[in-house]
Amino acid sequence: AQSVTQLGSHVSVSEGALVLLRCNYSSSVPPYLFWYVQYPNQGLQLLLKYTTGATLVKGINGFEAEFKKSETSFHLTKPSAHMSDAAEYFCAVSAVNQGGKLIFGQGTELSVKP
Amino acid sequence: EPEVTQTPSHQVTQMGQEVILRCVPISNHLYFYWYRQILGQKVEFLVSFYNNEISEKSEIFDDQFSVERPDGSNFTLKIRSTKLEDSAMYFCASSEFGRVDGQPQHFGDGTRLSIL
């Protein structure tokens, strides 16, 4: 069965600092991987996804993630944090031939200090 | 940009009562989903729906739950007899192609269901 683990339920960075949010997955087959962001009182917004091809994927708002099969990881990064990046971030996996079902990690709350 | 809309944003219901949560998916999307998030916990898959039938459901989605697409635009989740543990944020999502795996799902803002 597929699962997703996000290391660190809370991450705090200073404005302008590197953002690194960690995600590891387990899957018996190559999965499709997603990062979603949730701002307070809003739904989940897609940041980026990996399906096939280039392992470094770029998303919205300057975020990117790299799929590393050998490490079963899909960490999310942004070179320079902005105050508006403060939100909850969810990593998710969608296994092949499961009707698009998403399995989410527990989420990481990102705080950005001025 | 088209979006998924959910109503109501907050529903308060007495335990044992029936509740219907409503969603309007993006108009050209064919696959519909419900997820829930209990406070402080993960977002959990409940059910996926395509071509007027359930594609897949989780163990959470027992006989108390049902989904329906009553017309060309709405997608509903019904809980027949609510329990305290049904209190959660319920998210509706839709995607253009579900069987083509890896299609992104677009989420609504959620309905917060509070069972008293």
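Structure: above.
Below: a short report on this structure. Being a predicted model, the structure only gives us computed values, none of them experimental. (Residues numbered from 1 in each chain as written. Chains lettered and ligands numbered in written order. Predicted model: local features only at pLDDT ≥ 70, side-chain atom pairs only at ≥ 80, totals over all residues. Heavy atoms only, no water.)

### Considerations on the overall build of chain B
The secondary structure content of chain B amounts to zero helices and eleven strands. A globule of 116 residues ought to have a C-alpha radius of gyration of about 13 Å, and chain B, at 13 Å, matches this closely. Each of the 116 residues in chain B was classed as buried or not, and the buried ones make up 46%. Counting 10 positive and 16 negative side-chain charges, chain B places the centres of these two groups 4 Å from one another. (Helix = DSSP H or I, 4+ residues; strand = E, 2+ residues; numbered from the N terminus. Rg over C-alpha atoms; globule rule 2.2 N^0.38 Å. Buried < 20%, exposed > 50% of the residue type's maximum accessible area, 1.4 Å probe, protein only. Lys, Arg positive; Asp, Glu negative; His and termini not counted. Charge placed at Lys NZ, Arg CZ, Asp CG, Glu CD.)

### Quick look at the side chain of serine 58 of chain B
Mapped onto the elements of the fold, serine 58 of chain B is located in the loop between β6 (53-57) and β7 (65-68). With near-sequence residues (within four places) excluded, serine 58 of chain B lies in contact with Phe45 and Leu46 of chain B. (Contact = heavy atoms within 4.5 Å.)

### Looking at the nonpolar core
Judged by nonpolar contacts, the single largest core of 28 residues is most densely connected at Trp35, Leu48, Phe74, Leu76 and Tyr89 of chain A. For this core, the secondary-structure elements that each account for two or more residues are β2 (10-14), β3 (19-26), β4 (32-38), β5 (44-50), β7 (64-68), β8 (73-78), β9 (87-94) and β11 (108-113) of chain A. If we skip the residues at most four places from it in the chain, leucine 76 of chain A touches Val19, Leu20, Leu21, Trp35, Leu47, Leu48, Phe63, Glu64, Ala65 and Tyr89 of chain A. In terms of nonpolar packing, the next biggest core, distinct from the first, is built from 23 residues, Val47, Ile60, Val67 and Cys92 of chain B among them. (Core = buried A, V, L, I, M, F, W, Y, C linked by side-chain atoms within 4.5 Å.)

### A few points about the packing of aromatic side chains
Under the definition given, this model contains 18 aromatic pairs over all chains. Ring geometry for phenylalanine 63 of chain A against tyrosine 89 of chain A: centres 5.5 Å apart, planes inclined by 45°, an arrangement best described as tilted. You can see phenylalanine 63 of chain A sitting in the loop between β6 (56-58) and β7 and its partner tyrosine 89 of chain A sitting in strand β9, a full 26 residues away along the chain. The pair formed by phenylalanine 63 of chain A and tyrosine 89 of chain A is uniform in burial state, with each residue classed as buried. Centroid distance phenylalanine 91 of chain B to phenylalanine 107 of chain B: 6.4 Å. Interplanar angle 80°. Geometry classified as edge-to-face. (Phe/Tyr/Trp six-rings, centres within 6.5 Å; stacked < 30°, edge-to-face > 60°.)

### Section: the interface of chain B and chain A
By a widespread convention, an interface's size corresponds to the accessible area lost as its parts come together. Facing 19 residues of chain B, the contacting portion of chain A comprises 24 residues. Together chain B and chain A conceal approximately 1800 Å² of surface at their shared face, both sides included; 53% is due to carbon and sulfur atoms. Counting every contact that joins chain B to chain A gives one salt bridge. For the salt bridge of glutamate 56 of chain B with lysine 101 of chain A, the shortest nitrogen-to-oxygen distance reads 3.4 Å. At the level of elements, β4 (31-37) and β5 (43-50) of chain B are the ones that each hand at least two residues to the side of chain B that touches chain A. Across the side of chain B that touches chain A, the residue classes tally to seven nonpolar, seven polar and five charged. (Buried area = accessible area lost by both parts, 1.4 Å probe. Salt bridge = Lys/Arg side-chain N within 4 Å of Asp/Glu carboxyl O. Nonpolar A, V, L, I, M, F, W, Y, C, P; charged D, E, K, R; others polar.)

### A look at the pattern of salt bridges
For the structure on display, the rule yields four salt bridges over all chains. Between lysine 78 of chain A and aspartate 85 of chain A there is a salt bridge; the shortest N-O distance is 2.9 Å. Among the ionic pairs, glutamate 44 of chain B bridges to arginine 36 of chain B, the shortest N-O distance being 3.2 Å. Since its relative accessible area comes to 25%, glutamate 44 of chain B is described here as partly exposed.

No statement about biological role is implied by the geometric values presented.
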